[in-house]
Amino acid sequence: MIAELTSISEQTKQRLQQIGAVDLVIGFADQRAGEDIANLLPKIHQGLSGLALKGRTVVLVPNYGVAVGDGEVVNEESLALFQYSLPAPDPSISAAQNISGAYRVIWRISEELNARACAVFISAVENLTPQWIFQLAQPVLERNFDLVAPYYLHRKFDAMLNSSILYPLTRAIYGKRVQNPLGPDFAFSTPLLQHLLRLDSAKPRSSAGHDMTLIEPAAVVAKVKVCQSILGERTYPVVDGKDLSSVIAGILAPVFLALERDAAFWQHIRGSEPIPIFGEDLTIKEESVDVDVRRLLESFRLGFSSLQEIWGVVLPPTILLELRKLDRLAPEQFRIPDELWARIVYEFAMAYRLRSIARDHLLRAMTPLYLGWVASYALEMEAVGAVTVQQRLEKLCVAYENMKPYLVSRWRSPDRFNP
Amino acid sequence: MWTQIQQALNASTARVITTIANLLPGIAAVFASLLVSVVLAWIIVFLFRRSLRKVNFDEHLAAWGFQSFAEWSPSNSPTLLLTRAVSWIIVLIGLLIGISAFDVTLTSQFVERLFTYLPNVFAALILLMAGSIAARFLSRSVLIGAVNMNLQYARLLSAGVKWLVLVLTWAMALDHLSIGGRIVYIAFAILFGGIVLALSLAVGLGSKELVSRSLEREAKKATEEVENPFRHV
């Protein structure tokens, strides 16, 4: 049934096997979930109160870096709470790889318990509301969906990497409009969970952890039922400028790998279709913020002047010429057209596939271009409201979809462009 | 007397003819060895060229950053350069084998010493190749890292790292070839130390302002982070 359950003790395994019928497994990756159980339990109870559950709910909270401590913390009639061990986050690998360990353990426990649904919460536990629990679990338990992806309400300058690359790219490639393809909070049905575990087991493991299979693309390729649930506001962590290139490399690497793996699936897809979305349609109150894009533009200009040797291997002369024109613009006029940005992302995806240069170098060299896009977007969106922001991002997504034939032709004939 | 002169001339002529006759098999062996090596070189080069073209060696070499290699090559084709080098090496080996067939002590010793030296040459070539690749990789890593840290002297740093590694590599290769001896050591020490000193001065003098700005920035770091509205993930 499962390959291994290495992160829980024998005693805990036996205790889990005695639980009986389990409807739902809720797993948390945030260490603070285990430290503040008294505040966590009422939210969980309230979230579960709206669900028609026949069996018990098992809640898993992590115990980072502690060798022992697995075991039952709370045991009620309808809910059992267990601690599971995870190694302390390894700074030498990406955050995504650190998180993947939590996913694997929670999935395996859920499969062992034969739960009908599994909800995994990676976001900081302060974000959690009872609505999150209900919104993620209900579509799987009561509407027979296999994957519930999160739909967060965020401000115009939140989740910039998702808005600029992840969402429009996966939407154009896989044809489904999933706002947060990389989650990180998801709910799964048992068949999908088993499928993801099989895919994950088939991947070669490196000594320093390895990237998990991307969940939304794998679900779309497997043609399971996918939906989104509006969870509400989420706080986004601050990324230190020095770490940004590592974050970009860690996030984009599995995305580009997925593109390569699923090439046979996505090449014939044109356009995109919306997927069912559940939850209350809320709007977030936008506060006006002053943006200072000078540092972002400095990064872009420095990248343009210093990374020509690397960008020249990845980008065709026409794009380099456009970037040269952008470099010469005054800051207030700096705007990166959507089609240009989409082409740049596609060219980097191609270069990743062709291994034009070392893959880590390639993704890190993208950082100044990304910061240039952020500057362009910030200058455009500084004084507009939420609706205009949505329309603006929709325009970007359409540009990605319109440029997809360009990617397909490059993918099929990679030698046509030779810098 | 005339008879004695005749006899002496006849004797020396006979010695010359005997020596030439003794050398003839050796000369024949040299020509035979050369002929065989030429034929062998032609076959090997034909197969080698086909396999290099099949794996797009020229394009891959350019992608790995060895564009200058293509510029040195005849017809801008590293494949052609390599195949010609291989063919000449095979012919040279054939010639040396032929020379050793003379069975003359001096030429045999020469050939023996040459063959003993050849592994050093190969090791030096491998060192140079590995050093070039390492220099390129490290300089690129430093360049990208420095650009992402918004360091204006990123290209200088990158060039410095590249030349440090290349100078080290060349010194190791020359040491392997036993060329230059102490002069190479001294020149390497001066060059290496000079590059490090130049980099230190450039970074130190050029970043006085940067250091003071960094200190200011650290002092108001908390405020800056709150004011920055961008959340990337």
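The rules behind each value
Residues numbered from 1 in each chain as written. Chains lettered and ligands numbered in written order. Predicted model: local features only at pLDDT ≥ 70, side-chain atom pairs only at ≥ 80, totals over all residues. Core = buried A, V, L, I, M, F, W, Y, C linked by C-beta atoms within 7 Å. Buried ≥ 20, exposed ≤ 12 C-beta atoms within 10 Å, placed from the backbone. Contact = placed C-beta atoms within 7 Å. Helix = DSSP H or I, 4+ residues; strand = E, 2+ residues; numbered from the N terminus. Pairing = 2+ DSSP bridges. Nonpolar A, V, L, I, M, F, W, Y, C, P; charged D, E, K, R; others polar. Expected span 1.5 Å × (residues − 1). Arc of directions from axis to C-beta. Domains from an automatic or database assignment.

**A word on the nonpolar core**
With 135 residues, the main nonpolar core has Val 25, Cys 118 and Ala 119 of chain A as its most contacted residues. Those residues in contact with Val 25 of chain A, other than ones at most four positions away along the chain, are Val 58, Leu 60, Ile 106, Ile 109, Ser 110, Leu 113, Ala 115 and Cys 118 of chain A.

**Focus: the environment of Lys 13 of chain A**
Checked against the element boundaries, Lys 13 of chain A lands in helix H1 (residues 10–17). Sequence separation between Lys 13 of chain A and Ile 109 of chain A is 96 residues; the distance between their C-alpha atoms is 8.8 Å.

**Overview of the pairing of strand S1 (residues 22–28) of chain A**
Residues and elements named next belong to chain A. For S1, the tally of buried residues reaches 7 of 7 residues, placing the bulk of the element in the interior. Two elements, S1 and strand S5 (residues 117–121), share 5 bridges in a ladder whose sense is parallel. Considered in S5, the bridge of Gly 27 is made with Val 120.

**Brief notes about the interface of chain A and chain B**
In this assembly, 31 residues from chain A lie in contact with 19 residues from chain B. Secondary-structure elements contributing two or more residues to the side of chain A that touches chain B are helix H6 (160–174), helix H9 (244–261), helix H11 (294–306), helix H12 (308–314), helix H15 (359–364) and helix H16 (367–381) of chain A. In terms of residues, the side of chain A that touches chain B owes the most to one element, H11 of chain A, which gives 5 residues. The residue makeup of the side of chain A that touches chain B, split by class, is 20 nonpolar, 7 polar and 4 charged.

**A closer look at helix H17 (residues 386–402) of chain A**
Each full turn of the α-helix corresponds to 3.6 residues, which orients residues three or four apart in the same direction. Residue and element names in this part refer to chain A. Here H17 is 17 residues long and its end C-alpha atoms lie 24 Å apart, about the 24 Å a rise of 1.5 Å per residue gives. What H17 keeps buried is the set Leu 393, Leu 396 and Tyr 400. For H17, the buried positions fall inside an angular range of 50° around the axis, keeping them on one side. Those residues of H17 that are exposed and aimed more than 90 degrees away from the buried face are Val 387, Gln 391, Glu 394 and Lys 395. Buried positions along H17 lie against H6, helix H14 (338–354) and helix H18 (404–412).

**Some details on the domain arrangement of chain A**
Residues and elements named next belong to chain A. For chain A, the domain assignment lists domain 1 (10–278) and domain 2 (294–416). Spacing between the C-alpha centres of domain 1 and domain 2 amounts to 30 Å. Contacts between the two partners involve 24 residues from domain 1 and, on the opposite side, 24 residues from domain 2. Elements supplying a minimum of two residues to the side of domain 1 that touches domain 2: H6 and H9. Counted by class, the side of domain 1 that touches domain 2 contains 15 nonpolar, 6 polar and 3 charged residues.

**Let's talk about helix H1 (residues 2–54) of chain B**
All names here are of chain B. Helix length check: H1, at 53 residues, gives a terminal C-alpha distance of 76 Å against a target of 78 Å (1.5 Å per residue), a fit within 8%. Of all 53 residues in H1, 4 are buried, a share of ten percent or less. On its buried face, H1 is in contact with helix H4 (78–100). Following H1 by one or two positions, Asn 56 has its phi on the positive side, about 55°.

**Side note on the pairing of S5 of chain A**
All names here are of chain A. Burial of S5 is extensive: 5 of the 5 residues sit out of reach of the surface. Alternating positions in S5 separate into two faces, Ala 117, Ala 119 and Phe 121 on one and Cys 118 and Val 120 on the other, with burial throughout. Of the pairings in the sheet, the one linking S5 to strand S7 (residues 186–189) comprises 4 bridges and is antiparallel in character. Residue Ala 119 lies in a different strand from S7, and its bridge partner there is Ala 187.

**A closer look at the environment of Val 384 of chain A**
Structurally, Val 384 of chain A is set in the loop between H16 and H17. Distance from Val 384 of chain A to Lys 156 of chain A, taken between C-alpha atoms, is 9.1 Å for residues 228 residues apart in sequence.

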